[in-house]
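A look at the structure
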Amino acid sequence: FLKYSKFMKVDKIIVKTKETSYPIFVGNGAISLLKKQVNKLCPETKKVAIVFDKNVPNRFKIKIKKLLEKYKIFIKNYTPREELKSFSNVNILIEYLIKNKFNRNDLVIAVGGGIIGDFSGFAASIFKRGVNFINIPTTLLAQVDSSIGGKTGVNSKTGKNLIGSFYQPKLVISDLSFLGSLPKREFVCGFGEILKYSLIRDQKFFSYIKKNSKEILKGNNFDILKYLVLRSSKNKVHFVIADEKESNKRMILNFGHTFAHGIESSNKFSKKINHGEAVLIGMLLAIKLSVEKNICSLKTLKEVERIYLLNKLPSKINNYLKKRQISNISKLMVNDKKNNDEKINFILLNKIGKTTLPNKHKISVNELKKNVKHIIQY
């Protein structure tokens, strides 16, 4: 059971880009705001397609449907697997919307983790060149990261999220009560992204995480969870506002992700390792590479590693990949979205709270292969 303060209020963050602005609501019971917000933000909506993650408990599905009972509701339930994120599955969803005569004033709502949000958001962005979209993230990782900033997408045969669009939602509701149904592995997954924000921008946040990591990973305290979601969301919003279309500064958010996407692709997106686990390993590899390049101190690496050791977090790439797969990740990383030539564009760490700038450190596949062989040994 989650412990929480009886009078927890719902907090609001505004994401303001050049073209639009939208609210993020964070708090226990925030979902109760859905009815009022849909009335306000989508006044001409008559039909609502709700795309549910099959893992969302029925009590939440019933509540959401009840909140939207004045609309004509259409329900789709999906198992959140990376295989869902394909052009063919998006096409099936779009044909379903066409068949049921949705128009641009109607609404698509994603209720689930990052896979459901990415998939539904991409479909909403290309249906009739854009239909209203609301994201209700139900996992810790989605609440702190993927639901914010308008990145949508599906995978190609050669890499993750290589097909997609920037499409901002009308609204994000991060209701902490969803997190009570998550298994421990999902908290570890979200923790990877939370730790990332502290490493790339927020030294004080890192100090808090270092001090409270054990309590954080228990995942049973609403006050702690609210603080994590709010602080992480504000860090993400900082980068989104500065660089909505990821042409420069927003690339810093991909710290650890270049390795992570290579690990996931090499594993063929199997359940053996999930995104957050791959990010945790990817960040450690990126810091080790930073030490190798004399950009970061060994002391900083050891400070981060202590959090991993204390909480038994995923840290060793060879626990998940065979030697042949490890040597293959360098090739797979060439297809990363940040790359603009044949070299791999890395975000490296200077110190806690500060990274290198995008396009500052580009490494060839052959050089990276040598580095990977070396850094996985220490």
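This text goes with the structure placed above it.
In this report, we go over the structure that sits alongside the text. (Residues numbered from 1 in each chain as written. Predicted model: local features only at pLDDT ≥ 70, side-chain atom pairs only at ≥ 80, totals over all residues. Heavy atoms only, no water.)

Counting secondary structure elements, the chain contains 13 helices and 13 strands. A compact globule built from 378 residues should have a C-alpha radius of gyration of about 21 Å, and the chain, at 20 Å, falls within 12% of that. Considered along the principal axes of its C-alpha atoms, the chain spans approximately 60 × 45 × 35 Å. Residues counted as buried form 60% of the 378 residues belonging to the chain. Once local pairs closer than 6 in sequence are excluded, the contacts in the chain between residues at least 24 apart make up 73%. Each charge class in the chain was averaged separately, 71 positive and 29 negative side chains, and the resulting centres sit 2 Å apart. (Helix = DSSP H or I, 4+ residues; strand = E, 2+ residues; numbered from the N terminus. Rg over C-alpha atoms; globule rule 2.2 N^0.38 Å. Buried < 20%, exposed > 50% of the residue type's maximum accessible area, 1.4 Å probe, protein only. Contact = heavy atoms within 4.5 Å. Lys, Arg positive; Asp, Glu negative; His and termini not counted. Charge placed at Lys NZ, Arg CZ, Asp CG, Glu CD.)

The next subject is the environment of Glu 44. Turning to its location among the elements, Glu 44 is positioned in the loop between α1 (34-41) and β3 (47-53). Residue classification places Glu 44 among the exposed positions, given a relative accessible area of 53%. On a C-alpha basis, the gap between Glu 44 and Leu 107 in space is 9.6 Å, while along the polypeptide they are 63 residues apart.

Attention now goes to helix α6 (residues 184-200). For α6, which comprises 17 residues, the first-to-last C-alpha distance of 25 Å matches the rise-based estimate of 24 Å (1.5 Å per residue) to within 8%. Of all 17 residues in α6, 14 are buried; the element is thus mostly enclosed. (Expected span 1.5 Å × (residues − 1).)

If you trace the seven strands from one edge of the open sheet to the other, you get β1-β2-β9-β6-β5-β3-β4, paired in mixed fashion. Each edge of the sheet is formed by a strand with only one pairing partner; in this case those strands are β1 (11-16) and β4 (72-78). Neighbour-to-neighbour, the strand axes of the sheet open up by a mean angle of 15°, direction not taken into account. Both β1 and strand β2 (residues 21-27) contribute to a ladder of six bridges, which runs antiparallel. Bridge pairing links Ile 14 to Pro 23 in β2. Most of the contacts of helix α2 (residues 58-67) go to β3, to which it runs at about 170°, and overall it touches β3, β4 and β5 (107-112). Here helix α4 (residues 114-126) sits on the sheet in contact with β3, β4, β5 and β6 (132-137), set at roughly 170° to β5. (Pairing = 2+ DSSP bridges. Axes fitted to C-alpha atoms, helices over the stretch in contact; angles between N-to-C directions.)

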